[in-house]
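Chain by chain, the residues:
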Amino acid sequence: MRLPRLLAGGMLAAVLTGTAACGLQAAEPKLELRDAMSDFAAGRAGTLQLSLPSSADDVRAFAEAADPSARDGEMTDDDLQQLLSSSVELGYDFGEDRDSDADDASRFVVHLEDLDAAEVRTLDGLLYVRADVDGLAEKFPEMQPDLDTFRAGLTGEDGVPAETVDAATALLDGEWVSVDVQEYLDSVQALMEQMTGDAGAAPGDPAASLPDVSSAEMRDLLGAALKGAVSSVERRETDDELGDHLVAHLDLRKAYATLRSGLPELFTGETADALEQQLPPVDEVPEKHIDVSFWVRDGDLTRVELDAAQFLDEPAGHLVLRADVRAPEEITAPSDAVALDVAALMEAGMSPAQEAVEGPPAEELDAYTIATWIDEDIAVQAYDSGVEPSVDLLSDVVPYYDGLVPKTLDVTAVGGRVQVTVDDESVCLTLSPDGYGEDITDGPC
């Protein structure tokens, strides 16, 4: 009886071993993807190449299904093909200090077909920009007249400050230009305060800017959302260059639930409150499963693809979003960059911008200008009250102009029209339905 027992035991062991092997085989793709994603998320530097590897016909079919009311022909075949042949390169280096962005650096390159159209780098508090302006003008000839006008303005006769001519010339010539980010933010804040009289929050003010949300934190949140949403992982064919093709089946609602709870926590103050209120509740997200393709070679993530057509009620065509993972590239500061004088640029733009908001100085206001404003104010008042513009509303808007000019200002109704007098100058306004001030004549009514 010993032999049958040994056989039975051996058969049982074989069954258990086979079952375990099958289970391991089923779990192995998910583990492979998990490890590759974990290693990618832990990386402090990398490069991503973003592209749209879809055909023009597929994209048009997708666009029509996504928005049937969209007008056909808004983008020509040539324009669409140029877009699909282009890509964006994102490089990042979070430095050694995870809790600070002081040593972070980034790189952003736009490739239009075979043209390196523009590149932006940020590091050490400076932003560096360069563009192949001549190459862009060849691809988009309609740019050339504006470029010629801008170049002509570099003589200083057309409002371009002398302090910024060197930087503007360098940018047109395809050279590097640098901008001090904090100086720019401070200048914008000063401009806003001067224009509005409000010394409160502005882009350069920590109260108005977003808190320190590092890309590493955002990647952690995205990783957590992905991990919780993966229901299964299927292994497909293997590519010699990209490695194993793994298709993850994701529960869209689960992924959103993680993002919905974690995203507001990355912000503070009004931004966090706004996100909390504006993000739709989890139960409003459809119970939908989507597939995301990953490629893993020797444990490293090499490519990710998502077809946005899966989000349509009835999928049509394809809009494939692709991210290729490249080796990290060192992000350095160009040694020959021409610095842009931010203060001079802001000073040059101060007067026109301020006048656009505030209008001309009080001493330059005339009866005609004030009449156009009154026509607009009455039109707005009439719209808010649900009535037609008329002189009956004049008493509501005249107080706006008290003390507006250091002269004698008189605004009176003459029949159905409005007479505006500044010192000895009078004009007669016939109210318009839209407030455009189109019927104003010289002289009293």
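This write-up is about the structure you can find in this document. (Residues numbered from 1 in each chain as written. Predicted model: local features only at pLDDT ≥ 70, side-chain atom pairs only at ≥ 80, totals over all residues. Heavy atoms only, no water.)

Examining unusual backbone geometry
Link 1 in the chain: Even without being a glycine, Asp124 presents a positive backbone phi close to 55°.
Link 2 in the chain: For Asp124, the position within the fold is in the loop between strand E4 (115-123) and strand E5 (126-131).
Link 3 in the chain: Backbone geometry at Asp298 places phi at a positive 50°, although glycine is not the residue there.
Link 4 in the chain: Mapping Asp298 onto the fold places it in the loop between strand E9 (289-297) and strand E10 (300-307).
Link 5 in the chain: The class for Asp298 is exposed, based on a relative accessible area of 75%. (Helix = DSSP H or I, 4+ residues; strand = E, 2+ residues; numbered from the N terminus. Buried < 20%, exposed > 50% of the residue type's maximum accessible area, 1.4 Å probe, protein only.)

A look at a negative patch on the surface
Link 1 in the chain: Residues Glu96, Asp97, Asp101 and Asp103 make up a contiguous surface patch of negative charge.
Link 2 in the chain: Checked against the element boundaries, Asp97 lands in the loop between strand E2 (87-93) and strand E3 (105-112).
Link 3 in the chain: Residue class for Asp97 comes out partly exposed when judged on its relative accessible area of 38%. (Patch = residues over 30% accessible without salt bridge, like charges linked within 9 Å, V, L, I, M, F, W, Y side chains within 5 Å. Areas by Shrake-Rupley, 256 points an atom, 1.4 Å probe, with all protein chains shown as cover. Salt bridge = Lys/Arg side-chain N within 4 Å of Asp/Glu carboxyl O. Lys, Arg positive; Asp, Glu negative; His and termini not counted. Charge placed at Lys NZ, Arg CZ, Asp CG, Glu CD.)

What about helix H12 (residues 367-385)?
Link 1 in the chain: Taking 1.5 Å as the rise per residue, H12 with 19 residues should run 27 Å; its terminal C-alpha atoms sit 27 Å apart, in good agreement.
Link 2 in the chain: Along H12, the positions that sit buried rather than exposed are Ala367, Thr369, Ile370, Ala371, Thr372, Ile374, Asp375, Ile378, Ala379, Gln381 and Ala382.
Link 3 in the chain: Tucked inside the fold, the buried residues of H12 contact helix H13 (394-397), strand E13 (409-414), strand E14 (417-422), strand E15 (425-429) and strand E16 (440-442).
Link 4 in the chain: Positive phi appears at Gly386, one or two residues downstream of H12, with a value of about 75°. (Expected span 1.5 Å × (residues − 1). Contact = heavy atoms within 4.5 Å.)

Let's talk about the side chain of Thr372
Link 1 in the chain: Relative to the elements of secondary structure, Thr372 occurs in helix H12.
Link 2 in the chain: Within the structure, the side chain of Thr372 is placed 2.5 Å from the backbone oxygen of Thr369, a separation counted as a polar contact.
Link 3 in the chain: Those residues within four positions of Thr372 in sequence are excluded, and the remaining contacts are Gly435 and Ile440. (Polar contact = N/O pair within 3.5 Å; in protein donor to acceptor, adjacent residues only side chain to side chain.)

Brief notes about the environment of Phe94
Link 1 in the chain: Looking at where Phe94 falls in the secondary structure, it is placed in the loop between E2 and E3.
Link 2 in the chain: Given the relative accessible area of 7%, Phe94 is considered buried.

Re the sheet that holds E4
Link 1 in the chain: Pairing is mixed across the open sheet formed by twelve strands, whose spatial order is E7-E8-E9-E10-E11-E1-E2-E3-E4-E5-E6-E12. For this open sheet the edge positions go to strand E7 (230-239) and strand E12 (338-339), each flanked by a neighbour on one side alone.
Link 2 in the chain: Sheet topology places E2 next to E3; seven bridges connect them, and they run antiparallel. Residue Val88 lies in a different strand from E3, and its bridge partner there is Val110. (Pairing = 2+ DSSP bridges.)

So, the layout of surface pockets
Link 1 in the chain: Put simply, the largest pocket is a space of about 1,300 Å³.
Link 2 in the chain: In this structure, the largest pocket is lined by 49 residues; those nearest its centre are Met37, Leu222, Leu226, Phe294 and Val304.
Link 3 in the chain: Broken down by element, the residue count for the lining of the largest pocket peaks at eleven residues, all from helix H8 (residues 215-229). (1 Å grid on protein atoms, 1.4 Å probe; cavity = no way out; pocket = protein on both sides within 12 Å on 5 of 7 lines; lining within 4 Å. Points joined across faces, edges and corners; volume = space filled by probe spheres on them.)

Geometric descriptors of this kind do not, in isolation, establish any biological role.
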